[in-house]
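Notes for the structure review
Chain by chain, the residues run as shown.
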Amino acid sequence: FQLYGYCYQDSNDIPDTLTTITELGSPLEMIQLLQTSWEDRFRICLSLVRLLHYLAHSPLGSVTLLDFRPRQFVIVDGELKVTDLDDASIEESSCTSNSDCFMEFPARNFTLPCSVEGRCQSMNEKRNLYNAYRFFFTYLLPHSAPSSLRPLLDKIVNATGNLNKHGNAKCLALELSPSPSVNSEFTQKCVKSANTKYRRVPEAFIPDENYRCWPSYHHKGCLLSVFDVNEAIEICDSYSQCKAFVLTNQTTWTGRQLVFFKMASNHIMPDPDKITYVKVTD
């Protein structure tokens, strides 16, 4: 979280007071996040993974967030950032045996190994990871994810939830990174060839004839991201009300093209930045 300034005040009325000035972020509302596109939720999870990796390897050592809950985070420019570090700790628990390295959560418990130095191995990192799993990954990653990515996402979520040998911040960062694995599988998503024919109308746009779909980048219409025209055709064929779609020159942060889906093509207007495809009816 970006710190822009701070002020230390020590007076008789308010002793030892530190005021910080930080960047402005939006409160995290999980229900609202579940209504956003999968790409936006993936971006939030990716930013959280980068934060977990930093906390595990910070200049101060491994840092754990003892109060790891959604209210401790905000969204800034589509990415997740932590705002409250009052409950952060760099102390790894001391131990004499593995039984001393017991982590208890509402759904399950874990016992970590006790190192020869008398410290619970990676307890701070593992605590952060499991909390990220139970508060974020389990809700935001699998929900309405592209079908080609679901096996990979299931593997990532399960590894994090089980805290197995691959369940650490470094492995998670590599697995979830959009380059090359996720991005290549996501943007090169295979789509079946469509039987429906479409007429291509270059430099054209349909201003009206909107219908709502979910999830959509536009609250009054159906605006979705696609890899190519074939995927747009597949999406239009899947909606009974869809009779046309418009390719825009806008892309999402992963490079996918934004497309408006329309329920009619009665009114087509010139637009040099768009291409319209109209379903051909027999």
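By the naming in an unreviewed UniProt entry, the chain goes by Protein kinase domain-containing protein, cytoplasmic and is assigned to Pelecanus crispus.

Further remarks concern the state of the cysteines. What makes a disulfide is a covalent bond joining the sulfur atoms belonging to two cysteines. For the structure shown, the criterion picks out 4 disulfides. There is a disulfide in this structure between cysteine 101 and cysteine 120, and the S-S distance comes to 2.1 Å. Disulfide cysteine 101 to cysteine 120: torsion about the S-S bond roughly -90°, handedness left-handed. Separated by 19 residues along the polypeptide, cysteine 101 in the loop between strand E7 (88–89) and strand E8 (102–104) and cysteine 120 in the loop between strand E9 (109–111) and helix H3 (123–140) bring together distant segments of the chain. Classification of cysteine 120 by relative accessible area gives buried; the value is 2%. If one numbers only the bonded cysteines of the chain, in the order they occur, the disulfide pattern is 1-3, 2-4, 5-6, 7-8.

Here the focus is the sheet that holds strand E11 (residues 222–226). Pairing in this open sheet of 5 strands is antiparallel, and the strands run E10-E14-E12-E13-E11 from one edge to the other. The open sheet has two free edges, formed respectively by strand E10 (198–205) and E11, since each of these has just one partner strand. Put simply, the sheet's adjacent strands are angled 30° from each other on average, direction ignored. The sheet contact formed by E10 and strand E14 (residues 269–279) spans 7 bridges and is antiparallel. Paired with alanine 204 across the two strands is proline 270, which belongs to E14.

With that settled, the discussion passes to the pairing of strand E5 (residues 73–76). The side-chain alternation of E5 yields two buried faces, one formed by Phe73 and Ile75 and the other by Val74 and Val76. The pairing of E5 with strand E6 (residues 79–82) spans 4 bridges and is antiparallel. Each bridged residue has a counterpart across the sheet, and for valine 74 the counterpart in E6 is lysine 81. Following E5, the chain reverses through 2 residues before pairing antiparallel with E6; aspartate 77 in that reversal takes a positive phi of roughly 55°.

Each value, and the rule that gives it
- Residues numbered from 1 in each chain as written.
- Predicted model: local features only at pLDDT ≥ 70, side-chain atom pairs only at ≥ 80, totals over all residues.
- Heavy atoms only, no water.
- Disulfide = S-S within 2.5 Å.
- Helix = DSSP H or I, 4+ residues; strand = E, 2+ residues; numbered from the N terminus.
- Buried < 20%, exposed > 50% of the residue type's maximum accessible area, 1.4 Å probe, protein only.
- Pairing = 2+ DSSP bridges.
- Axes fitted to C-alpha atoms, helices over the stretch in contact; angles between N-to-C directions.

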